[in-house]
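A look at the structure
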Amino acid sequence: MTAGLFMSSASDSPSSRSSKQASPGVENNRHEAPPARRDPPERPQFIPYRFEFDEDKGLLWGHAEEKPTLEQCNEEGSPYQFTEVERNINRVTLPKLQMELEQLGWGELFYPRNSLDSFVRKVKQNFPGRYQLAERKHAGLKITVSNDRKSARAQTTQAWGGMAISDEAIALAVDKARLDERCTIPSALAKLRNCKIAIDVIVAEAKPAVDGDDALIKINVNSKKTVDRDVDSLEAIDMHEVFDYTVVDEGEVLAEKIPASEGEPGLDVLGKAIKPKKGKDLKLPKKGDGVDYHPENKHVLIAKIKGHPVVSPSQAKVDPVLTLKSVDLSSGNIDYDGTVIVTGNVRSGFEVKATGDIFVKGFVNKSHLSAGGSIFISGGVQGDSGDNEHSSSFSAKGNIEAKFINQSKIHCVGELHVKEYLLGCDTLALSKISLGEKSGRGAIIGGVTKCNGPIYVKKLGSEAYISTKIELGTVSAAQKELEKTKLKRERRVAESQQLGQILEKYRQSDTPTLVGKLTVDKARKIEETFLAIQKIIEDYDAHIHALQALVPDADKLYIDVQHRIYPNVSICINDACQEIERELSKVRIEKSEQGLQFQALTTGLKGQA
């Protein structure tokens, strides 16, 4: 036999043939002979094939032996019987061949398709020769990197009678693929170790880049907020209360920009950096009126003034006033710290409150307006007086101006100016009332009109002789309160002066004295009392100043009627009262020692400032 080859074949001796399983293609037909009889020696059997394995190359060969002919078998000295040769050849089958190869330890080799079938046919058809049956194959490993270098894939081939994948083979494949250790997957590589089967596994993955965050515009204020309602409350819900309108102070942050970030780089399986995508930038809202950049951060917008903020992604501004198209269900009642402008109408049943002025460019219908400043109504006011309650009311610490006012309650600290008429109103103005001063009908018809200053009017009453009351300077409660307050102040001033003198003397000595039945430290007690009285005097001064605004100046208490006064008009100036019984034209009415005095007006509205 050639070196490096393993040969499997039959022995020439009968005993060998009967004792070796490695002799393929034959059966053990030896039978025990009777002890008394001796059979002639058996002829050697014809073995139709044999195997040869090349260890160096890992190849398994099958040798098909040449079949002896009948003549050769019948020759003298031939070892074979032809019938036995035929029988042994017919016994060669694929299952028997496979079983023999398994028993010889060659069952795990790689057999090409039909290699054994072909060999069986060669044997049976008497085509002697050397044929390759199988091949020993070691497990294979190949690592490939994806085109985008985001992953690496390991693919193995099955071991056919050969060696499994070793750690050295794994390390060599990883090195050959130039994988970065930071991206390899240890658990996936562990699956390859000692692997004999075909698998396909991802052994490395890129560490993706973390893209930057987009810039963010943070709006810190809302122009208005929906009013929270307690649905569990037993009280009725006012559906007119819809929004709270926001007011910002100077310096308050309106909006700020959180800049886009750069992101973090990633790593592909070969160890090269993956560039992140920078976040998308955004612009701050455009700086509008009343808005400026923060002095220390250009990404922050702040209010330059106090007012109503209107901030959108495109623009930020602070209006010194709150501007509304109308006051209705879409806006709800208004309660605003500042000035309010309504470009349309104020619908029935709504309220507008403002610490500043209120401007209404349309009409007001059965609503309530209250201003810390003045109220200006370009249109008119329509109210009613059901159940002796006026459905419209107006209160202003400044002036009130309107085209006409009907069936409303009016109170203003300043002046009341109406172009057309006051009809059935309950009116109090502490400074002046003027109707039709520049143009318009200028009439006061019905109701009660009180004023602590002059009244300028074109007509008082009506041709229907509707009861109309005019009172000037009759707010006597304020006068009485003013006098009482002045007396209280005088007493406190006297007490303060007396305590001041005592305190000054006592400060020159540290000796306590007897006051009543208690011995006290006079310096401390007297000083505390003195300071308390000073605070009371300051409060009286403030109250006196407020009351003086309510007390009319007697020289300014008169009524100028440019056109006509109708009967059934009652006029009181302080304690002098008179009811008009006949029509009068163009007169000034003021108080004299004898009562009310009526003077003819010769030019315009006499006595106007």
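Presented here is an overview of the structure given in this document. (Residues numbered from 1 in each chain as written. Predicted model: local features only at pLDDT ≥ 70, side-chain atom pairs only at ≥ 80, totals over all residues. Heavy atoms only, no water.)

A few words on the overall build of the chain. From N to C terminus, the chain includes nine helices and 46 strands. Within the chain, buried positions represent 38% of all 609 residues. Relative to all contacts within the chain whose residues are 6 or more apart in sequence, the contacts with residues 24 or more apart total 48%. Split by element, the accessible area of the chain, about 35,500 Å² in all, is 48% carbon and sulfur. (Helix = DSSP H or I, 4+ residues; strand = E, 2+ residues; numbered from the N terminus. Buried < 20%, exposed > 50% of the residue type's maximum accessible area, 1.4 Å probe, protein only. Contact = heavy atoms within 4.5 Å. Areas by Shrake-Rupley, 256 points an atom, 1.4 Å probe, with all protein chains shown as cover.)

A word on the packing of aromatic side chains. This structure, assessed with the given rule, holds ten aromatic pairs. Relative to Trp106, the ring of Phe53 lies with its centre 6.0 Å away and its plane at 20 degrees, an arrangement referred to as stacked. Placement of Phe53 in strand 2 (residues 49-54) and of Trp106 in the loop between helix 4 (94-103) and helix 5 (115-124) is noted, with a sequence separation of 53 residues between them. Of the two residues, Phe53 and Trp106, both sit in the buried class. With a centroid separation of 5.3 Å and 65 degrees between ring planes, the pair formed by Phe110 and Trp160 is classed as edge-to-face. Here Phe110, found in the loop between helix 4 and helix 5, pairs with Trp160, found in the loop between strand 6 (151-157) and helix 6 (167-177); they are 50 residues apart in sequence, far enough to count as distant. Clustering of aromatic rings is evident, with ring pairs tying together Tyr49, Phe51, Phe53, Trp106, Phe119 and Tyr131. Its guanidinium or amino end placed over the ring of Phe110, Lys137 lies 3.9 Å from that ring's centre, counting from NZ or CZ. In this structure, Arg588 is placed above the aromatic ring of Tyr558, and the distance from its NZ or CZ to the ring centre is 4.0 Å. (Phe/Tyr/Trp six-rings, centres within 6.5 Å; stacked < 30°, edge-to-face > 60°. Lys NZ or Arg CZ within 6 Å of the ring centre and 35° of its normal.)

Below, the discussion takes up the packing of helix 4 against helix 5. Angle between the axes and distance between the axes: these two values describe a pair of packed helices. At a minimum axis separation of 10 Å, helix 4 and helix 5 run at an interaxial angle of 115 degrees. For the pair helix 4 and helix 5, the sense of crossing is right-handed. The segment helix 4 lies against helix 5, with Leu94, Leu97, Gln98 and Leu101 engaging Leu116, Asp117, Phe119 and Val120. The residue makeup of the contact of helix 4 with helix 5, split by class, is six nonpolar, one polar and one charged. (Axes fitted to C-alpha atoms, helices over the stretch in contact; angles between N-to-C directions. Left-handed = near helix turned anticlockwise from the far one by under 90°. Nonpolar A, V, L, I, M, F, W, Y, C, P; charged D, E, K, R; others polar.)

In the structure shown here, the tally under the stated rule is 21 salt bridges. Where Arg87 meets Glu84, a salt bridge forms, and the shortest distance between an N and an O atom there is 1.8 Å. On the criterion of helical spacing, the pair formed by Arg87 and Glu84 is a turn pair, its members being three residues apart in helix 3 (residues 82-90). Taking the shortest distance from any N to any O, the salt bridge between Lys306 and Asp337 comes out at 3.0 Å. Taken as a pair, Lys306 in the loop between strand 16 (297-303) and strand 17 (308-311) and Asp337 in the loop between strand 20 (334-336) and strand 21 (339-342) lie far apart in primary sequence, 31 residues in all. For Asp337, a relative accessible area of 34% gives the class partly exposed. (Salt bridge = Lys/Arg side-chain N within 4 Å of Asp/Glu carboxyl O.)

Right, let's get into the state of the cysteines. Applying the stated rule across the entire model yields one disulfide. Across a sulfur-sulfur distance of 2.1 Å, Cys572 and Cys577 are joined as a disulfide pair. Across the S-S bond linking Cys572 and Cys577, the dihedral sits near 115 degrees, which makes this disulfide right-handed. Residue Cys412 stays outside any disulfide, its sulfur separated by 7.8 Å from that of Cys451, the closest cysteine. (Disulfide = S-S within 2.5 Å.)

Glancing now at the sheet that holds strand 16. The strands making up a sheet associate through backbone hydrogen bonding, with each pair oriented either parallel or antiparallel. The strand order across the open sheet formed by four strands is 8-11-16-15, and the pairing between neighbours is antiparallel. Taken across any chain shown, the strands that pair with only one partner, and hence form the sheet edges, are strand 8 (216-219) and strand 15 (291-294). Averaged over all adjacent pairs, the angle separating strand axes in this sheet is 25 degrees, with direction ignored. Of the pairings in the sheet, the one linking strand 8 to strand 11 (residues 253-258) comprises four bridges and is antiparallel in character. Looking at strand 11, one finds that Ile219 is bridged to Ala255. (Pairing = 2+ DSSP bridges.)

This part takes up helix 5. Within helix 5 the residues assigned to the buried category are Ser115, Leu116, Phe119, Val120 and Val123. For helix 5, the angular spread of the buried residues around the axis is 135 degrees, confining them to a single face. If you follow the buried residues of helix 5, they end up packed against strand 2, strand 3 (59-64), helix 3, helix 4 and strand 4 (129-135). Once helix 5 ends, the next one or two residues include Asn126, with phi positive near 60 degrees. (Arc of directions from axis to C-beta.)

One open sheet accounts for three strands, arranged 5-6-7; its pairing is antiparallel. On the outer flanks of this sheet lie strand 5 (140-145) and strand 7 (200-205), each paired with one strand and no other. Taking the axes of each pair of neighbouring strands and ignoring which way they run, one obtains an average angle of 25 degrees across the sheet. Bridge analysis of strand 5 against strand 6 gives six bridges, and the strand direction is antiparallel. For Val145, the partnering residue across the bridge sits in strand 6 and is Ala152.

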